[in-house]
Amino acid sequence: MNSDPPSQSQSQSQHRTRLLVLIDALTYAGAVAAISTICAVVLGLITGGGLSRAKLVLFFVGFILLGYTTARLWPRSPSDLEDDAALSGVSGDSIPETADQTRFQALVASLPPKRWFPAPPPEDRINPAGKLFFGSLAVLLISYLMEAVFGI
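Residues numbered from 1 in each chain as written. Predicted model: local features only at pLDDT ≥ 70, side-chain atom pairs only at ≥ 80, totals over all residues. Heavy atoms only, no water.

Participant: Would you mind showing me how to read the nonpolar core here?
Facilitator: The biggest cluster of nonpolar side chains holds 12 residues, and these are Tyr28, Ala31, Val32, Ala33, Ala40, Ala54, Leu58, Leu65, Val108, Leu132, Val139 and Met146. Breaking this core down by element, the ones donating at least two residues are helix 1 (8-46), helix 2 (50-73) and helix 6 (128-148). Examining the composition of this core, we find that five residues originate from one element, helix 1, more than from any other. In contact with Leu65, not counting residues within four places along its chain, are Val32, Leu132 and Ser136. (Core = buried A, V, L, I, M, F, W, Y, C linked by side-chain atoms within 4.5 Å. Buried < 20%, exposed > 50% of the residue type's maximum accessible area, 1.4 Å probe, protein only. Helix = DSSP H or I, 4+ residues; strand = E, 2+ residues; numbered from the N terminus. Contact = heavy atoms within 4.5 Å.)

Below, the structure written as structure tokens:
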């Protein structure tokens, strides 16, 4: 079984697709982290706890999001792990599981840098729960940075 090496155009196409998926996921995670941080700071200021309370809120929100996304990403049965379509978030031939966008997903699609690039192909996209997982990690990172770097 001798397979030809991928052509240069195929390789560039794969790199471009990976870059589009990365931009999509990072924009989503950044939006989740930014909105969570703004809400936590406002809540901390309103309740009189300031940035210290905001850090604590971010910590708990990050872990709640992490648990939620872990439950959403958990396979329902062992057969889900054997099916390539289930792993890629695609059901059927090439139709995404959820064709409808939420308002938050539409907001993220309008944010830079995602709005400057085309969307990745449906079969290559990270599902919303996966992107929210990265967002929860970003929220936890902000909480950690507030503690370790800024001394709050």
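Participant: Can you help me understand a nonpolar patch on the surface in this one?
Facilitator: On the surface, Leu56, Phe59, Phe60, Phe63 and Ile64 cluster together into a nonpolar patch covering about 520 Å² of accessible area. By the element assignment, Phe59 lies in helix 2. With a relative accessible area of 37%, Phe59 lands in the partly exposed category. (Patch = residues over 30% accessible without salt bridge, like charges linked within 9 Å, V, L, I, M, F, W, Y side chains within 5 Å. Areas by Shrake-Rupley, 256 points an atom, 1.4 Å probe, with all protein chains shown as cover. Salt bridge = Lys/Arg side-chain N within 4 Å of Asp/Glu carboxyl O.)

Participant: Before we go on, may I ask you to explain the confidence of the model for the protein in this structure?
Facilitator: Looking at the protein, pLDDT values average 82 and 84% of them are 70 or higher. Below pLDDT 50 for its whole length, residues 90-96 participates in 10 contacts with residues either more than four positions away or in separate chains. (pLDDT = per-residue confidence, 0-100.)

Participant: Quick question: what am I supposed to make of the packing of aromatic side chains here?
Facilitator: How two aromatic rings sit relative to each other is set out by the distance from centre to centre and by the angle between their planes. Tallied over the entire structure, the rule returns four aromatic pairs. Here the aromatic rings of Phe59 and Phe60 are separated by 5.5 Å at their centres, their planes lie at 75 degrees, and the arrangement is edge-to-face. We classify Phe60 as partly exposed; its relative accessible area is 47%. Ring plane angle 70 degrees and centroid distance 6.0 Å describe the contact between Phe133 and Phe134, whose orientation is recorded as edge-to-face. For Phe133, a relative accessible area of 25% puts it in the partly exposed group. With relative accessibility at 39%, the residue Phe134 sits in the partly exposed group. In textbook terms, an aromatic cluster arises when at least three aromatic residues are bridged by ring pairs, as seen for Phe59, Phe60 and Phe63. (Phe/Tyr/Trp six-rings, centres within 6.5 Å; stacked < 30°, edge-to-face > 60°.)

Participant: What is the right way to look at the environment of Ile38 in this model?
Facilitator: Inspection of the secondary structure assignment puts Ile38 in helix 1. Ile38 sits 16 residues away from Ala54 along the chain, and the two C-alpha atoms are 9.0 Å apart.

Participant: How should the packing of helix 1 against helix 2 be read in this particular structure?
Facilitator: A pair of packed helices is captured by two measures, namely the crossing angle of their axes and the spacing between those axes. At a minimum axis separation of 8 Å, helix 1 and helix 2 run at an interaxial angle of 140 degrees. With respect to helix 2, the axis of helix 1 lies oblique. Where helix 1 crosses over helix 2, the two elements pack in a sense that is right-handed. The residues of helix 2 that touch helix 1, namely those facing Val32, Ser36, Thr37, Ala40, Val41, Leu43, Gly44 and Leu45, are Gly50, Leu51, Arg53, Ala54, Val57, Leu58, Val61 and Leu65. (Axes fitted to C-alpha atoms, helices over the stretch in contact; angles between N-to-C directions. Parallel < 35°, antiparallel > 145°, perpendicular 65-115°, else oblique. Left-handed = near helix turned anticlockwise from the far one by under 90°.)

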